[in-house]
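Secondary and tertiary structure notes
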Amino acid sequence: MVPQENLRHHCKQKEFNDMEYTEGEIRMATLVALNASLTGTLTTSQLISALESFMQPRGTDAQIARDRNDTYFSQKVRNLICHRDAGTSLMTRGSVQYDAANETLTITAAGRRACSI
């Protein structure tokens, strides 16, 4: 799905057990994961799995969110889609396209350029 060495090259794992990932860090890791995938497209579930595998959320990020069935970390990843109309979103910036029917994210040429910086 997503070669882990590509993620390791571009993203840093948190070094302390209690540090949470910011949504900005998750946005950048999302670009890297999409860019590293063979097709440039991942489902939301595939993206969460790829990011959890590499970023290894700990502390609060690894805990199940109250009144939810997923972790705080996976909720942050899902927020990328829920907040897709926000000014800081990958979709608003033209880096990623979201297909609601298939629940997939696809990196654009602008997103690939952002990964090469």
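Each chain has its residues counted from 1, following the order in which its sequence is written. Owing to the predicted nature of the model, reporting of local features is limited to residues with pLDDT of at least 70; listing and counting of side-chain atom pairs is limited to 80 or more, with chain, interface and lining totals taken over all residues. With hydrogens and water stripped out, all remaining heavy atoms of the structure feed into the side-chain values.

Secondary structure elements follow DSSP: runs of H or I of four or more residues count as helices, runs of E of two or more count as strands, with numbering from the N terminus. Scanning the chain from N- to C-terminus turns up five helices and three strands. Overall, the chain shows an N-to-C arrangement of helices and strands of α-α-β-α-α-β-β-α. Scored against the burial criterion, the 117 residues of the chain give a buried share of 41%. A separation of at least 24 residues holds for 58% of the contacts in the chain among residues at least 6 apart in sequence. The accessible surface values rely on the Shrake-Rupley method and a 1.4 Å probe; as for residues, cover is taken only from the protein chains in view. Surface summary for the chain: the accessible area is close to 6,700 Å², and the carbon and sulfur share equals 47%. A simple rule labels every residue: compare its accessible area, found with a 1.4 Å probe on the protein chains alone, to the largest value its type can have, and call it buried under 20%, exposed over 50%, or partly exposed in between. Any two residues having at least one pair of non-hydrogen atoms within 4.5 Å are treated as being in contact.

This paragraph deals with the packing of aromatic side chains. Any aromatic ring pair is given by two values, namely how distant the centres are and how the planes are angled relative to each other. Two rings from Phe, Tyr or Trp (for Trp, the six-membered ring) form a pair when their centres are within 6.5 Å of each other. A pair whose planes differ by under 30 degrees is stacked, one over 60 is edge-to-face, and the rest are tilted. Across all of its chains, the model carries one aromatic pair by this definition. The interplanar angle of 70° and the centroid separation of 6.0 Å between the aromatic rings of Tyr21 and Phe73 together place this pair among those described as edge-to-face. Separated by 52 residues along the polypeptide, Tyr21 in the loop between α1 (4–10) and α2 (23–36) and Phe73 in helix α4 (residues 72–82) bring together distant segments of the chain. Tyr21 sits in the buried class, given a relative accessible area of 4%. By relative accessible area, which is 0% here, Phe73 ends up buried.

Two strands pair under a simple rule: DSSP has to find at least two bridges between them. Relative to strand β3 (residues 104–107), strand β1 (residues 41–43) runs antiparallel, the two sharing three bridges. The residue of β3 that forms the bridge with Thr43 is Thr104. Where strand β2 (residues 96–99) and β3 come together, four bridges link them in antiparallel fashion. Bridging from a neighbouring strand, Val96 pairs with Ile107 of β3. Connecting β2 to the antiparallel partner β3 that follows it, the hairpin turn spans four residues, and Glu103 within it adopts a positive phi of roughly 55°.

Our focus in this paragraph is the nonpolar core. Nonpolar side chains in soluble globular proteins generally cluster together in the buried interior. By size, the foremost hydrophobic cluster in this structure holds 23 residues, and its most contacted members are Ile26, Leu51, Met55 and Val77. Secondary structure elements with two or more residues in this core: α2, α3 (44–55), α4 and β3. Per-element accounting of this core gives the leading share, six residues, to α2. Definition of nonpolar core: a set of buried residues of the types Ala, Val, Leu, Ile, Met, Phe, Trp, Tyr and Cys, connected through side-chain atoms within 4.5 Å.

Here Thr30 is to be found in helix α2. Leaving out residues up to four positions away in the same chain, Thr30 has contacts with Leu47, Leu51, Leu80 and Leu90.

Spatially, the three strands line up as an open sheet ordered β1-β3-β2, and their pairing is antiparallel. Of all the strands in the sheet, just β1 and β2 have a single pairing partner and so form its edges. Ignoring which end each strand starts from, the neighbouring axes of this sheet average 20° apart. Axis definition: a line fitted to C-alpha atoms, limited for helices to the stretch in contact. Angles are taken between N-to-C directions and run from 0 to 180 degrees. On top of the sheet, α2 reaches β1, β2 and β3; it is set at about 80° to β3, its chief contact.

All right, on to the pattern of salt bridges then. Any Lys or Arg side-chain nitrogen found within 4 Å of a carboxyl oxygen on Asp or Glu counts as a salt bridge. Counted under the stated rule, the structure contains four salt bridges. In this structure, the salt-bridge partner of Asp61 is Lys76, at a minimum N-O distance of 2.8 Å. Pair noted here: Asp61 is in the loop between α3 and α4 and Lys76 is in helix α4, with a separation of 15 residues, a long-range link. Take Asp61 and Lys76: they sit in the same class, and that class is buried. When the shortest N-O distance is used, the salt bridge between Asp70 and Arg78 registers 3.3 Å. In this structure, a network of salt bridges that share partners links the residues Glu20, Asp61 and Lys76.

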